[in-house]
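Spelled out from the first residue to the last, the chains are:
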Amino acid sequence: MTTTEAWTAVHDHAARLKPVHLRRLFAADPGRAAALAFAEDDLSVDLSKEKLDRAALDALLGLARAAGVEAQRAALFAGAPVNATEGRAVLHMALRGGAPAPAGDDVDGTRERFLAFAETVRAGQLPGGPVRDVVNIGIGGSDLGPAMAARALVPDCDGPRLHFVSNVDGAHLADTVAGLDPARTLVIVASKTFTTQETMANARLARDWLGAHAAERMAAVSTNLDGCAAFGIPQERVFGFWDWVGGRYSLWSAIGLVLAIGIGAARFRAFLAGAAAMDRHFREAPLERNLPVLLALAGIWRRNAMGWPSVAVIPYDQRLARLPAYLQQLDMESNGKRVTRAGAPVGTATGPVIWGEPGTNAQHSFFQLIHQGTDVVPVDFIAAATPRDADPRHHAMLLANCLAQGQALAFGRDTAEVEAEMAAAGAAPEAIARLAPHRSFPGDRPSTTILFRRLDPHALGRLIALFEHKVFVQGAIWGVNSYDQWGVELGKALARPLIPALAEGAAAETDPSTRALIDRIRALAAGG
Ligand SMILES: O=P(O)(O)OC[C@H]1O[C@](O)(CO)[C@@H](O)[C@@H]1O
């Protein structure tokens, strides 16, 4: 990609636009706000505060075409083995009716089965009596999706209370089950492989905590049905899925069981339908008004053309508090890659560092750096126009802050303005000279604003699918495999021999630094 004319054209536009302040871009084009805002139904993506213009966006669209994004999209939806290093198709869209399912895999039947189970639990009809709490044990994609969505959809959660345990730190399970009644708690072990060290350790601990109730109070979600059986979970409470569903894309499968128990089958279907609507849009809309494509291109612009290495995701929505963490896995585990699909060094920067917290809280912690620090950190603002159930005045305050941050980042407040304002307020010339540099905002800092009407299951499903397809498009342009994650394997393997070394002082062949740290930990533990 980096040697193509399309790539050079994008970089030429970047060289042209780098010195041009966002204020000047707005002044030069009165139609800019409308020209760089895109919508599908009530979902909109506003790129007008990105440091690009129509010509640059056209060059980016040229890059997408040159990279064969349309053909790669067709291959994805056709079930080609786009995850080549693992020889797998990538068809999580089939779980929500957004793509045809592979022949022979009973996607609809499996969905009906786990949704029927969810309704049984909600109706209090599980053998052993009604369930008051559900504890989902899983990690990564087997945790972040349902945990994020359960929090986002609190007003829809009218079933048993939902809890999530992911960390192998024993405190996580202990703190979660403290106060719960094993007789009235359902534990779901969610693991695609059913071999993940943390999940299996927590599953064993939970089984001990359930005691005599374990026989009736455990369910499992996995592609490893033999593993579930060996663990002792009866077949009628095991829900499968397929290897063409990546862990970080598995929320739509039975991994969503805990969420379905919380919100019920009908709302879970609405959640799937929202994602399927985005699948349709992504497949059918021309690139120039295709929201995932445009979002991806803005990301390529930020990362490659402008050279900014991170993105702050700031939902102005407390219920989307876990969305940044969810998007971290989705984006960074997918596109944190250094070689192309062919195994050659990728030759350009790939996935950015994704981080964030909800606003307005973020304004009172790290926004100082985003406004006045020396690094440019592009921001993705995400907000619903109307609250589900919160006070409308509070929602107006929330959104006013969201818009004001975008404004302040883009337009800033230059030194002359600050000096004039201070003078008008009667400040002494000495104070003006001393304080004006501190009180000036350079501005010219980019952001994208994503808006939708209301955070309900349909809107959430659509929002997540928007980001899934954005990640796909970026991976397609960078030429990487977005669907494997070999980078997490080495640490897992190295941890294994260190467990007995830490727990029992067993010998472990390791490097001198790690050896010294083990000795230090054991000495501290012995003293404490
Ligand atoms: O669902 P599993 O197999 O327990 O895996 C959990 C997570 O671990 C990872 O493989 C990374 O370690 C993720 O991709 C995955 O979501």
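Per chain, residue numbering runs from 1 following the sequence as it is written. Since the coordinates come from a predicted model, pLDDT governs what is reported: local features require at least 70, and pairs of side-chain atoms require 80 or more to be given and counted, while whole-chain, interface and lining totals use all residues. Side-chain measures here rest on the full set of heavy atoms in the structure, leaving out hydrogens and waters.

Worth spelling out the cut-off: UniProt positions are given in the numbering used here, feature names are shortened, and annotations may be inferred rather than shown by experiment.
As named in an unreviewed UniProt entry, the chain is Glucose-6-phosphate isomerase, taken from Paralimibaculum aggregatum. For the chain, the Sequence similarities (unreviewed entry) comment in UniProt is given as "Belongs to the GPI family."

### Overview of the site of the ligand
Test applied: One heavy atom suffices: a residue is near a molecule or strand as soon as one of its heavy atoms comes within 4 Å of it. As used in this structure description, the phrase polar contact means that two N or O atoms lie within 3.5 Å; if the pair is within protein, one of them must be able to donate a hydrogen and the other to accept it, and residues adjacent in sequence are counted only when both atoms belong to side chains. To be clear on the numbers: accessible area is Shrake-Rupley with a 1.4 Å probe, and residue cover counts the displayed protein chains and nothing else.
Taken together, 14 residues are adjacent to the ligand, and Gly141, Ser142, Ser191, Thr193 and Thr196 come closest. Within the side chain of Ser191, one N or O atom sits 2.6 Å away from an oxygen atom of the ligand. In this structure, Glu333 approaches the ligand through a side-chain N or O atom, which is 2.8 Å from an oxygen atom. If the ligand stood free it would expose 390 Å²; the protein chains cover 89% of that surface.

### A closer look at the pairing of strand β4 (residues 161-165)
To keep things clear, this is the line we draw: Note on classification: 1.4 Å probe, protein chains only; a residue is buried when its accessible area is under 20% of the maximum for its type, exposed when over 50%, partly exposed between these limits. Runs of E in the DSSP output that reach at least two residues are strands. Runs of H or I that reach at least four are helices, and both are numbered from the N terminus. Only when DSSP finds a minimum of two bridges between them are two strands counted as paired. By convention, orient the strands away from the viewer: a clockwise path from the first strand over the helix to the second makes the crossover right-handed.
Here β4 lies mainly inside the structure; four of its five residues are buried. Sheet topology note: the strand β3 (residues 133-137)/β4 ladder contains five bridges and is parallel. What sits directly across from Val134, in β4, is Leu162. In this fold, β3 hands off to helix α7 (residues 144-152), which returns the chain to β4; that crossover is right-handed.

### Here we look at the pattern of salt bridges
Heads up, the condition is: A pairing counts as a salt bridge when a side-chain nitrogen of Lys or Arg comes within 4 Å of a carboxyl oxygen of Asp or Glu.
Summed over all chains, the structure comprises 30 salt bridges. Of the charged contacts, one joins Asp108 and Arg111 as a salt bridge, the two residues approaching to 3.2 Å between their closest N and O atoms. Residue Asp108 and its partner Arg111 are located together in helix α6 (residues 107-122), separated by three residues, close to a single helical turn. For Asp108, a relative accessible area of 49% translates into the label partly exposed. The class for Arg111 is buried, based on a relative accessible area of 13%. Asp331 serves as the salt-bridge partner of Lys470, at 2.8 Å between the closest nitrogen and oxygen. Placement of the pair is Lys470 in helix α20 (residues 457-478) and Asp331 in helix α15 (residues 323-335), with a sequence separation of 139 residues. Salt bridges sharing common partners tie together Glu119, Arg122, Asp156, Asp158, Arg267 and Arg388.

### Considerations on the packing of α15 against α20
Going by this rule: Structural elements are reduced to axes, namely lines fitted to C-alpha atoms, with helices fitted over the stretch in contact, and the angle between N-to-C directions of any two is expressed from 0 to 180 degrees. Just so you know how the angles are binned, under 35 degrees is roughly parallel, over 145 roughly antiparallel, 65 to 115 roughly perpendicular, and the rest oblique. Helix crossings fall into two classes, left-handed where the near helix is turned counterclockwise from the far one by less than a right angle and right-handed where it is turned clockwise. By definition in these notes, contact holds between two residues if any of their heavy atoms fall within 4.5 Å. Charged means Asp, Glu, Lys or Arg here, nonpolar means Ala, Val, Leu, Ile, Met, Phe, Trp, Tyr, Cys or Pro, and polar covers whatever is left, Gly included.
Taken N-terminus to C-terminus, the directions of α15 and α20 make an angle of 25°; their axes are 10 Å apart at the nearest point. Put simply, α15 runs roughly parallel to α20. Two packed elements cross with a definite hand, and for α15 against α20 that hand is right-handed. Contacts between α15 and α20 pair Leu323, Tyr326, Leu327, Leu330, Asp331, Ser334 and Asn335 from the former with Leu463, Ile464, Phe467, Glu468, Lys470, Val471, Gln474, Gly475 and Trp478 from the latter. Classifying every residue of the contact of α15 with α20 by side-chain character gives nine nonpolar, four polar and three charged.

### Digging into the pairing of strand β8 (residues 310-315)
Burial analysis of β8 places six of its six residues in the buried class, the great majority of the element. Side chains Ser310, Ala312 and Ile314 project from β8 onto one buried face, and the interleaved Val311, Val313 and Pro315 project onto a second face that is buried too. Both β8 and strand β9 (residues 353-355) contribute to a ladder of three bridges, which runs parallel. Across the sheet, the residue bridging to Val311 is Ile354, located in β9.

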